[in-house]
Amino acid sequence: MTKNILVLAGDGIGPEVTNEAVRVLKWFNENKNTDFRFSEANLGGIAYDLEGDPFPQTTIDAARKADAILLGAVGGPKWESLDISVRPEKGLLGIRKELGLFANLRPAMVFEELAEASSLKKEIVSGLDIMIVRELTGGIYFGEPKGVDTLPDGSRKGYNTLVYHDWEVQRIARVAFDLASKRGKKLCSVDKANVLVSTEMWREEVAKIQAAEYPDIELSNMYVDNASMQLVRDPKQFDVIVTTNMFGDILSDCAAMLTGSLGMLPSASLGDANSDVCSALYEPVHGSAPDIAGQNKANPIATILSASMMLRYSFDLGKEADILEKAIANVLASGVRTGDIMQEGATLVGTKEMGDAIIAQLDKLVGGKSQAA
Ligand code: NAD
């Protein structure tokens with residue numbers, strides 16, 4: 001079946017890393033009978049430069065009708081002095097909002113060969129494979145009222161509101177339970193129900209969904225302070241974690257560091273699968289890395305793993321995703337490294353050469369014929 005993939009390369013290293021991910025996806029067209037069609041649009045600083053808007057109407061139109069979106073990264077020093085209304089980040093928040101992408105999936109997976117790169121002991125992280133599901137469009141980041149008031153006595157009061165509707169909790173819970181059912185069948189819901197009543201409701205709603213729809217999934221609850229401790233004490237106790245916008249923001253960065261490098265971390269942002277607009281965006285966790293942009297130094301693996309998530313979650317091509325992840329593991333096992341994951345005795349390569357190595361491994365694994373050049 002034809003699938004239309006919109007590529008939003010963005011700024012900095014975005015074009016370099018998305019280019020390698022597209023080459024890998026094209027390998028599946030050549031060797032695995034997929035029919036991915038690619039189109040491009042502007043987002044972020046490049047969109048501001050070329051179209052006067054970080055999230056122009058042309059991109060909105062293209063995004064709405066795509067089957068899935070692959071995003072590089074946005075931002076950089078060039079645009080930092082612009083008014084906040086036209087800064088590149090506006091494009092990022094704009095597209096999440098436009099497409100209703102309420103579920104952010106952040107896997108933290110440690111490739112055996114990189115276990116040494118973690119700041120934790122090898123035996124704590126070796127074989128780690130957890131998934132953090134963060135609610136992305138609600139909670140304290142968006143709740144009203146919010147603001148800073150000056151009181152009659154001249155003092156100032158700043159406030160935000162942690163608000164969740166039951167349906168917001170139910171829909172993110174379903175995403176997390178569905179993921180758990182395809183993985184280790186364990187879900188841990190993280191809240192602060194001992195102090196925050198809105199997260200007490202969160203806990204109750206997650207439990208209701210489990211009882212009614214997912215009785216075979218083991219559900220546990222954990223307070224966020226304990227969860228942060230457990231993530232660095234014994235991260236392998238978790239399979240899938242589901243949590244609020246702010247707690248997920250913090251815990252997913254913490255889990256990310258268990259794996260060693262930003263250049264290895266993919267993500268997916270998903271919306272309502274039955275929506276009539278595109279509801280899936282895949283992007284690396286890292287930013288536009290202006291310090292190494294245009295130098296063929298960026299690690300493309302985070303973006304290629306994001307493409308692997310696209311195969312798995314948007315196109316139901318789990319076997320193909322497995323092959324791709326195996327090819328990446330084999331490349332790492334062969335000692336090929338970009339600068340960010342370089343180890344003594346390994347072979348240092350650039351962005352494009354890492355793409356070549358992964359494609360060559362794919363060829364080896366399935367006896368394919370690549371046009372890697
Ligand atoms: P960053 O992630 O761009 O870079 C942090 C450090 O990690 C840098 O030293 C960089 O060279 C390195 N790095 C990042 N990705 C790498 C990769 N694939 N391979 C090798 N090294 C890599 O974060 P930053 O420096 O804080 O931000 C730079 C710009 O990116 C800012 O404008 C920021 O707003 C933007 N940003 C965008 C996103 C996004 O588009 N989703 C996310 C974070 C930051």
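In what follows, the structure referred to is the one given above.
Residues numbered from 1 in each chain as written. Predicted model: local features only at pLDDT ≥ 70, side-chain atom pairs only at ≥ 80, totals over all residues. Heavy atoms only, no water.

## A few points about the nonpolar core
Phase 1 of the analysis: Of all hydrophobic cores here, the largest spans 65 residues; its most connected members are L105, V133, Y282, L324, I328, I358 and L362.
Phase 2 of the analysis: The residue makeup of this core includes at least three contributed by each of domain 1 (1–102 + 277–373) and domain 2 (103–270). (Core = buried A, V, L, I, M, F, W, Y, C linked by side-chain atoms within 4.5 Å. Buried < 20%, exposed > 50% of the residue type's maximum accessible area, 1.4 Å probe, protein only. Domains from an automatic or database assignment.)

## Quick look at the pattern of salt bridges
Phase 1 of the analysis: Evaluated as defined, the whole model comprises 18 salt bridges.
Phase 2 of the analysis: For E98, the salt bridge identified is with R64, shortest N-O distance 2.9 Å. Of the two residues, E98 sits in helix α4 (residues 88–98) while R64 sits in helix α3 (residues 57–65), which places them 34 residues apart along the sequence.
Phase 3 of the analysis: In this structure E98 comes out as partly exposed when scored by relative accessible area, which is 30%.
Phase 4 of the analysis: By relative accessible area, R64 is classed as partly exposed at 36%. (Salt bridge = Lys/Arg side-chain N within 4 Å of Asp/Glu carboxyl O. Helix = DSSP H or I, 4+ residues; strand = E, 2+ residues; numbered from the N terminus.)

## Concerning the side chain of S126
Phase 1 of the analysis: Here S126 lies in the loop between α5 (122–125) and β5 (129–135).
Phase 2 of the analysis: A residue is classified by how much of its surface remains accessible, and S126, at 18% relative accessible area, is buried.
Phase 3 of the analysis: Ignoring anything within four residues of it in the chain, the contact list for S126 reads E112, A115 and K236. (Contact = heavy atoms within 4.5 Å.)

In short, geometric facts, not functional conclusions.
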